[in-house]
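Summary of structural features
The lines below spell out each chain.
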Amino acid sequence: MKKKIVIIGGGIGGLSAGIYALKAGYEAAIYEKNPVAGGECMGWNRKGCHIDNCIHWLTGTDSSTSVWQVWNTMGALDKDTPYAATDKFYSSRLNGQEATLWKDLDRTERELIALSPEDEAEIKKFIQHVRYAESCTIPGEKPMDMMKIGDYIKMGKSMANMPKVMKEYGKTDLRGLAERFHSPLLKKLMTDYLPAEYTAYSFLVSYATMTSGNGNIPVGGSLAMTNRIIERFKAMGGELHTNTPVKRIITENGTARGIELENGEKVMADEVISAVDPSFLFGRLLDRKFMPKEFESAYSESKKYPTTSGFQIAFKTDDDISVEDTVFFGCEPVAIGSRRFDRIYVKNYGYDKTFAPEGKAVLQTNIPQSDEDFAYWKSLYKEEYKAKKQQLIEEVTKRIVTEFPELEGRLEFLDCWTPLTYERYCNAYHGAYMAFVTTPDSKQVKIKGVLKGLKNFYMAGQWIMSPGGLPIAAISGKFAVQRILKKEKRSIEI
Ligand SMILES: Cc1cc2nc3c(=O)[nH]c(=O)nc-3n(C[C@H](O)[C@H](O)[C@H](O)COP(=O)(O)OP(=O)(O)OC[C@H]3O[C@@H](n4cnc5c(N)ncnc54)[C@H](O)[C@@H]3O)c2cc1C
């Protein structure tokens, strides 16, 4: 008889675990609390438009990488997947000038030098190191602790240029990177996209993922990709139980035996994989005593291990507006709690014609939110929360129109959501949409996903390796299944 694996959570991590469990010959059943699977890799429809919640870039679109192999196994991507024809990462505006990080690095270099000749040496260094960072790929074949010497040599060779990036930018955050430039516009360009406390090298790697062709946006966006993965899971014989929240993990004599659902039903299994947020897992589904020490210290030091969420608004607009892709700009400050935000962005989703009716496009804005901002949103009563959202919708709309006067009267409100939305929808810690931010003061939070004192239990999901994100969620499910295979002394090559 086949062994049965139950998986808690139907996000990308849980779906990956399910698909790889089936591939390895197990029975797999996923239990998801929401009406649809996908978790944070989601999109929804409003007024005939589609709001894409997730993919700004998908790491692993280069078919020569091991992460692409994982996406391909999951049914997310294949050799014919069409990608959005975007040609830039984003632009930043300041005092009437605009600087852009193009996919074409030569063009970026040329234009940035023209904007700030006195920064030429620093710009050239930055561009050169983005080229070096193009060699950085996420190892998706097997967990690092299962690698053999040959695997390390192969990885070292393929990422030969990464040590140069780490040497130059490994110990600085984005604020430090910005300080290297004289031009106020270039300083903004360096800090607009990711929070200023992020390590500079992770920003270079993000940009390099795009310039190298390994970070594209599949047409149809996040929901379409999630649906392809769900179809693959079901076609392979997997059971997907939606609207089925899990209440606890059943343990007996230090062994996971199955799960109990909120409706009281018990589901027994040979192995249990949790792909939910660890802040919910430990304390709600499992006794907190099982929490790995890496998480304990990260949760207790939120300055050193921050997380990021967002306050977001989506609008319907016309498809002939001049906003090209993502543009950051300065504005009269917007207050959220005790913090003031004087830069926001708009992103025009017009690059994907499937998101809006003919002649229309979706425009979104996002104000990054920290752990402190989450606490503010959490402190509000229901009516205050609604009123604050309404106030921000009005203020942010005005700021956008001030920057882009052509949008006056052409922004139709579609939806607005906050860090609390992600907490409610996914049980996401502080509404975070990635795992812990790696800062120059903190160590990368990385765990194997097995717990001391609990057999037959494995963790998947983006939190197993910061900074998380879709590729980590995808490989995490595969890795959890490989750990089961290893325990059974079977080949881990799946
Ligand atoms: C706005 C935004 C933009 C992003 N942009 C990018 C990007 O450009 N590139 C990128 O790589 N990543 C991006 N991400 C991050 C990416 O979406 C996540 O890394 C990834 O989706 C996380 O997957 P996961 O499976 O680990 O977790 P989740 O998606 O959180 O899945 C966990 C699942 O568990 C379910 N669950 C929780 N509690 C229970 C319970 N008790 N019982 C049953 N089920 C439960 C949840 O409903 C959820 O479906 C973005 C995220 C957001 C929000």
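Residues numbered from 1 in each chain as written. Predicted model: local features only at pLDDT ≥ 70, side-chain atom pairs only at ≥ 80, totals over all residues. Heavy atoms only, no water.

**So, the site of the ligand**
For clarity, the threshold we go by: Whether a residue is near a molecule or strand depends on its heavy atoms: if one lies within 4 Å, it is near. Throughout this description, a polar contact denotes any pair of N or O atoms lying within 3.5 Å of each other; where both atoms belong to protein, one of them has to be capable of donating a hydrogen while the other can accept it, and for residues adjacent in sequence the pair is counted only when both atoms sit in side chains. All accessible-area figures derive from a Shrake-Rupley calculation using a 1.4 Å probe, and residue coverage is judged against the displayed protein chains alone. Under the DSSP-based scheme used, a helix requires at least four consecutive residues in state H or I and a strand at least two consecutive residues in state E, with every element numbered from the N terminus. All amino acids are sorted into three groups, where Ala, Val, Leu, Ile, Met, Phe, Trp, Tyr, Cys and Pro are nonpolar, Asp, Glu, Lys and Arg are charged, and the leftover types, Gly among them, are polar.
Glu32, Glu40, Cys54, His56 and Gln462 are the nearest of the 35 residues found near the ligand. Between the ligand and the protein, one listed contact pairs an oxygen atom with a backbone N or O atom of Gly39 at 3.5 Å. A distance of 2.9 Å separates a nitrogen atom of the ligand from a polar backbone atom of Val246. Within the complex, the protein chains bury 96% of what would otherwise be the 1000 Å² of accessible surface of the ligand. Breaking the shell around the ligand down by element, the ones donating at least two residues are α1 (12–23), α15 (419–426) and α16 (470–487). Per-class residue counts for the shell around the ligand are 19 nonpolar, 13 polar and 3 charged.

**Section: unusual backbone geometry**
To keep it simple, the criterion reads: Note on exposure labels: buried denotes an accessible area under 20% of the residue type's maximum, exposed denotes more than 50%, and partly exposed covers the range between, all computed with a 1.4 Å probe on protein chains only.
With an omega of 10°, the peptide bond between Ser466 and Pro467 qualifies as cis. In this fold, Pro467 is placed in the loop between β19 (457–459) and α16. With a phi angle near 60°, Asn427 is a residue other than glycine that sits in the positive phi range. As for its placement among the helices and strands, Asn427 is situated in the loop between α15 and β19. Take Asn427: its relative accessible area is 23%, and that puts it in the partly exposed class. One non-glycine residue with positive phi stands out, namely Lys489, at about 60°.

**Structural notes on the nonpolar core**
Just so we agree on the cut-off: Throughout, nonpolar core names a set of buried Ala, Val, Leu, Ile, Met, Phe, Trp, Tyr and Cys residues whose side chains join them through atoms within 4.5 Å. The split of the chain into domains comes from an automatic or database domain assignment. The contact definition used throughout considers only heavy atoms, calling two residues in contact when any of these lie within 4.5 Å.
Ranked by size, the top nonpolar core spans 98 residues in total, and within it Trp71, Ile249, Ile259, Ile273 and Phe457 carry the most contacts. In terms of residue count, the dominant contributor to this core is α16 (10 residues). When residues are assigned to domains, this core turns out to be shared by domain 1 (4–42 + 57–79 + 218–302 + 440–487) and domain 3 (309–431), each giving three or more. Leave out the neighbours within four places in its chain, and Ile249 touches Ile8, Ala256, Gly258, Ile259, Val272, Leu281, Leu285, Leu286 and Phe457. Membership of the second largest hydrophobic core comes to 41 residues, among which are Ile127, Val130, Ala133 and Ala178.

**Section: the domain arrangement of the protein**
Our working definition: When two parts are put together, the accessible area they lose, computed with a 1.4 Å probe and summed over both, is reported as buried area. Salt bridge criterion: a side-chain nitrogen from Lys or Arg within 4 Å of a carboxyl oxygen from Asp or Glu.
Per the domain assignment, the segments of the protein are domain 1 (4–42 + 57–79 + 218–302 + 440–487), domain 2 (88–216) and domain 3 (309–431). Look at where the C-alpha atoms of domain 1 and domain 2 centre, and you get two points 30 Å apart. The interface of domain 1 with domain 2 comprises 22 residues on the first partner and 24 residues on the second. When domain 1 packs against domain 2, close to 1900 Å² is buried across both sides, 64% of that on carbon and sulfur atoms. At the boundary of domain 1 and domain 2, one finds 1 salt bridge.

**Some thoughts on the sheet that holds strand β14 (residues 309–318)**
Spelled out, the test is: A pair of strands counts as paired when DSSP detects no fewer than two bridges linking them. To define axes, lines are fitted to C-alpha atoms, for helices over the stretch in contact only, and angles between the resulting N-to-C directions are given on a 0 to 180 degree scale.
Taken in spatial order, the 7 strands of this open sheet run β7-β6-β15-β16-β17-β14-β18, and their pairing is mixed. Lying at the two open borders of the sheet, with one neighbouring strand each, are β7 (97–102) and β18 (412–417). Between one strand axis and the next, the sheet turns by 25° as a mean value, whatever way the strands run. Note: strand β6 (residues 88–94) against β7, 6 bridges, orientation antiparallel. Opposite Ser92, over in β7, you have Ala99 as the bridge partner.

**A short note on the packing of aromatic side chains**
Let me state the cut-off plainly: Ring pairs shown here join Phe, Tyr and Trp side chains whose ring centres sit within 6.5 Å, with only the six-membered ring taken for Trp; geometry is labelled stacked below 30 degrees between planes, edge-to-face above 60, and tilted in between.
In total, this model carries 28 aromatic pairs according to the counting rule given. Taken together, a centroid distance of 6.1 Å and an interplanar angle of 65° make the contact between Tyr193 and Phe328 edge-to-face. Of this pair, Tyr193 sits in the loop between α8 (184–191) and α9 (200–211) while Phe328 sits in strand β15 (residues 326–336), and the two are 135 residues apart along the sequence. For Phe328, a relative accessible area of 5% corresponds to the buried category. A ring pair is formed by Phe329 and Phe404, whose centres lie 5.7 Å apart and whose planes are at 90°; its orientation type is edge-to-face. Placement of Phe329 in strand β15 and of Phe404 in the loop between α14 (382–403) and β18 is noted, with a sequence separation of 75 residues between them.

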